[in-house]
Amino acid sequence: MPDRHFADAGLASLYDAFNPRESGGDYRFYLPMILAAESVLDVGCGTGSLLHWARESGHDGRLVGLDPAEGMLVQARRRADIEWVHGDLSTASWNAEFDFAVMTGHAFQVLLTDDEVRTAFSAVRRALKPGGRFGFETRNPAGRAWERWTPSNVWEAGDVRSWNDAGPFENGLVSFRTTYESPSWEEPKYSDSTLRFLDVPTLNEFAGEAGLVVDEQYGSWDRSPVTDASPEIITVVRRPLT
């Protein structure tokens with residue numbers, strides 16, 4: 001089930017305010033690949049902001065957004081010239097239809113088990129045309145980002161304040177609670193989440209099992225290599241031509 005802050009339409013409506021499209025570097029990294037592809041699948045498209053931007057930037061081919069959270073799709077459907085699909089990769093049935101697939105916002109980290117990762121990679125491979133590529137990112141576990149997910153780090157959007165409170169890193173997983181509060185609400189709202197952190201060898205092994213080839217891999221949006229100090233593992237894999 002999607003986390004509450006994605007499924008709840010009210011909280012989902014705050015997502016873009018807390019995560020502006022220009023703030024993270026991921027959209028600018030992936031946008032040229034999207035614009036160069038005739039058909040694009042955005043997995044975990046959320047509010048649809050990236051595909052909205054692609055249309056605004058002149059993409060006139062097929063754009064499809066897939067997300068399991070109806071609250072996020074309410075926001076995405078503000079544009080009707082993009083296909084919006086309620087679901088996830090476990091229910092996807094596309095076959096060799098896309099030149100490029102993308103998964104932003106660290107959405108890859110919601111795949112918590114080996115079976116979920118394998119299902120996702122296999123579904124993406126089927127959805128891609130031969131030669132098609134898939135770009136996604138996951139936080140580098142060596143960067144220990146969860147140590148900064150504390151109530152002392154607060155985000156604000158309008159009159160809403162938000163912060164995370166993370167538990168320990170255990171068996172590659174981190175669980176945390178996100179709190180939202182506003183003086184206009186009677187009480188705070190909460191969303192509980194768990195994310196998985198994979199290292200480069202494990203990630204690449206899963207991709208290889210699914211028949212995908214790693215084309216590019218970076219540790220930051222500036223395309224620097226992955227090191228122990230890198231915050232990200234940004235990966236672009238390819239479905240071979242044969």
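One can find the structure itself at the top, above this paragraph.
Residues numbered from 1 in each chain as written. Predicted model: local features only at pLDDT ≥ 70, side-chain atom pairs only at ≥ 80, totals over all residues. Heavy atoms only, no water.

> Report on the overall build of the protein, specifying residues and quantitative values.
From N to C terminus, the protein includes 8 helices and 11 strands. By the compact-globule yardstick of 18 Å for 242 residues, the protein fits well, its C-alpha radius of gyration being 17 Å. The dimensions of the protein, computed from C-alpha atoms along their principal axes, are 55 × 40 × 30 Å. When contacts within the protein are restricted to residue pairs at least 6 apart in sequence, long-range pairs at least 24 apart make up 61% of them. Accessible surface, the protein as shown: approximately 11300 Å² in total, 48% of it carbon and sulfur. (Helix = DSSP H or I, 4+ residues; strand = E, 2+ residues; numbered from the N terminus. Rg over C-alpha atoms; globule rule 2.2 N^0.38 Å. Contact = heavy atoms within 4.5 Å. Areas by Shrake-Rupley, 256 points an atom, 1.4 Å probe, with all protein chains shown as cover.)

> How would you summarise the sheet that holds strand S7 (residues 160–170) if you had to cite specific residues and measurements?
In spatial order, the strands read S6-S7-S8-S9; together these 4 strands make up an open sheet with antiparallel pairing. Each having just a single partner strand, strand S6 (154–157) and strand S9 (189–196) make up the two edges of the open sheet. If you compare each strand with its neighbour and ignore which way they point, the axes differ by 25° on average. Pairing of S6 with S7, which is carried by 4 bridges, proceeds in the antiparallel orientation. Pairing of Trp 155 across the sheet is with Ser 162, part of S7. (Pairing = 2+ DSSP bridges. Axes fitted to C-alpha atoms, helices over the stretch in contact; angles between N-to-C directions.)

> Provide a residue-level description of the sheet that holds strand S5 (residues 128–139), including the pertinent values.
The sheet built from 7 strands is open, its strands ordered S3-S2-S1-S4-S5-S11-S10 with mixed pairing. Strands with a single pairing partner mark the edges of an open sheet, and in this sheet they are strand S3 (83–86) and strand S10 (213–218). Each strand of the sheet is rotated relative to its neighbour by a mean of 15°, with strand direction disregarded. In terms of strand pairing, strand S4 (residues 98–103) meets S5 through 5 bridges, oriented parallel.

> A description of the packing of helix H7 (residues 114–127) against helix H8 (residues 200–209) should follow, citing residues and the corresponding values.
Viewed as axis vectors pointing N to C, H7 and H8 meet at an angle of 50°, and their least axial separation amounts to 9 Å. In this view, H7 runs oblique relative to H8, as classed from their interaxial angle. The element H7 and its partner H8 pack so that their crossing is right-handed. Of H8, the residues touching H7 (which contributes Asp 114, Val 117, Arg 118 and Phe 121) are Leu 203, Phe 206, Ala 207 and Glu 209. Taken together, the residues of the contact of H7 with H8 sort by class into 5 nonpolar, no polar and 3 charged. (Parallel < 35°, antiparallel > 145°, perpendicular 65-115°, else oblique. Left-handed = near helix turned anticlockwise from the far one by under 90°. Nonpolar A, V, L, I, M, F, W, Y, C, P; charged D, E, K, R; others polar.)

> Could you give an account of the pairing of S5, with specific residues and numbers?
The side chains of a regular strand alternate between the sheet's two faces. Since S4 and S5 lie parallel, the crossover through H7 that links them has a hand, and here it is right-handed. Pairing geometry for S5 and strand S11 (residues 232–238), over 7 bridges, is antiparallel. For Arg 139, the partnering residue across the bridge sits in S11 and is Glu 232. (Right-handed = clockwise from strand over helix to strand, strands pointing away.)

> Describe H8, with residues and values.
Considered for burial, the residues of H8 that qualify are Leu 203, Phe 206 and Ala 207. One side of H8 carries all its buried residues, which in axial view fall inside an arc of 100°. Facing away from the buried side of H8 by over 90 degrees, the exposed positions are Pro 201 and Glu 205. Buried positions along H8 lie against H7, S5, S10 and S11. Remark: Gly 211 follows H8 within two positions and exhibits a positive phi of approximately 85°. (Buried < 20%, exposed > 50% of the residue type's maximum accessible area, 1.4 Å probe, protein only. Arc of directions from axis to C-beta.)

> Help me get a handle on the packing of aromatic side chains, residues and values and all.
With the rule as written, the count across this model stands at 17 aromatic pairs. A centroid spacing of 5.7 Å and a plane angle of 75° characterise the contact between Tyr 30 and Trp 221, whose relative ring orientation is edge-to-face. Here the residue Tyr 30 occupies a position in helix H4 (residues 26–35), and Trp 221 occupies one in the loop between S10 and S11, the gap between them amounting to 191 residues. Tyr 30 gets classed as buried once you look at its relative accessible area, which sits at 0%. Taking relative accessible area as the criterion, Trp 221 reaches 19% and is therefore assigned buried. Seen in terms of ring centroids, Trp 146 and Phe 197 are 4.9 Å apart; in terms of plane orientation they differ by 75°. Their pairing is edge-to-face. Of this pair, Trp 146 sits in the loop between S5 and S6 while Phe 197 sits in the loop between S9 and H8, and the two are 51 residues apart along the sequence. Its relative accessible area of 5% is what places Phe 197 among the buried residues. Three or more aromatic residues joined by ring pairs form one cluster here, namely Trp 146, Trp 149, Phe 169, Phe 176 and Phe 197. (Phe/Tyr/Trp six-rings, centres within 6.5 Å; stacked < 30°, edge-to-face > 60°.)

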